[in-house]
Structures are given as C-alpha cells and as structure tokens.
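Chain residues, written in single-letter form:
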Amino acid sequence: MALNEMQEQLCSTSTWDFSNLNALFINCTLKKSPGVSNTQGLIDISTEIMRRQGVTVDEVRAVDHDIATGVWPDMTEHGWAVDEWPTIHERVMAADILVVCTPIWLGEKSSVCNRVIERLYGNSSILNEAGQYAYYGRVGGCLV
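How each quantity is defined
Residues numbered from 1 in each chain as written. Predicted model: local features only at pLDDT ≥ 70, side-chain atom pairs only at ≥ 80, totals over all residues. Heavy atoms only, no water. Salt bridge = Lys/Arg side-chain N within 4 Å of Asp/Glu carboxyl O. Helix = DSSP H or I, 4+ residues; strand = E, 2+ residues; numbered from the N terminus. Buried < 20%, exposed > 50% of the residue type's maximum accessible area, 1.4 Å probe, protein only. Pairing = 2+ DSSP bridges. Axes fitted to C-alpha atoms, helices over the stretch in contact; angles between N-to-C directions.

Draft legend 1. Quick peek at the pattern of salt bridges. Enumeration over the complete set of coordinates arrives at four salt bridges. Measuring nitrogen to oxygen at the nearest pair gives 2.7 Å for the salt bridge that ties E48 to R52. Of this pair, E48 and R52 both sit in helix α2 (residues 38-52), four residues apart, which is roughly one turn of the helix. Take R52: its relative accessible area is 36%, and that puts it in the partly exposed class. Here the salt bridges do not stand alone but share partners, grouping E8, E48 and R52 into one network.

Below, the structure written as structure tokens:
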C-alpha cells in the first residue's frame, strides 16, 4: 500500500514504540468479498500506517460472516441456528484497538455496522478479572 508524502514522513519520523499493540478493523461494507469496497480502501491506508508503527493488525469483513441479529453474546442460545459473532468477539477481545469501519448510505452508517455495534453492546456487560467492564483500557475508533 502506497502512502502519501505526509503519511510517509509521519511514519518514518515517529519515535513511539507500538509493537506490543494489536488492532482489529471490522469492515462493515455491504459488499461481500472479493467485491471492491471503498471502505476497504480507507482500511488499507490506516492498517499500513499502523503496521509501519509496529502494531499487529487483524481484519474482519463482517458481511462475509453469519452474524445473528440481537444483543446477547451468543444468539444460538436465543433461537438462532447459526451465529459467528462469538468467534469474532474473541478477536475483538484479543485486540487493544478496535476500529469499526463503515460506508455512509443516505447519511447513515451501514446496516451491517448497526448489527456489529448491537453485538458489541451485547457483550458490554462482561467483566474482566478485576471486575471492570471487559472493554476497559481498550481504544476504539471508526473510519467512515
């Protein structure tokens, strides 16, 4: 991935060490793989910058997965035959940085993004070993 001149300069002059961080990008495009996704174009630039700074990057294209509708951690316990969210959520929990990425359609985030946010919310009551919310101490961002 080619970065522009300013991005190249910022990457090459950074003195920060981010090599202990992991980032997960969830692409909420409406287009299944391998369809061209403008949202993926934004992700490609951002992940390249992160990789050059030592961050380990993982990506999920949500529409390629059978993510059940609902706000429980595993919707198969609530009538759905299939729910791939629990596996994706394991990847969310393995990340220090979560970036939810969405196109804009008629001024709104995609329906896929709504589903991902609902599912993140469904896991928001989980606590860590210290009794804090499981998302505590993590960084979230978005690309639109």
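That shown, we press on.
Draft legend 2. Representation of the sheet that holds strand β6 (residues 139-143) within the structure. The parallel open sheet is built from four strands, whose spatial order is β2-β1-β3-β6. The sheet is open, and its two edges are formed by β2 (56-61) and β6, each paired on a single side. On average, each strand axis in the sheet is tilted by 20° relative to the strand beside it, whichever way the strands run. Sheet topology note: the strand β1 (residues 22-27)/β2 ladder contains six bridges and is parallel. Counterpart to I26 in the pairing with β2 is V60.

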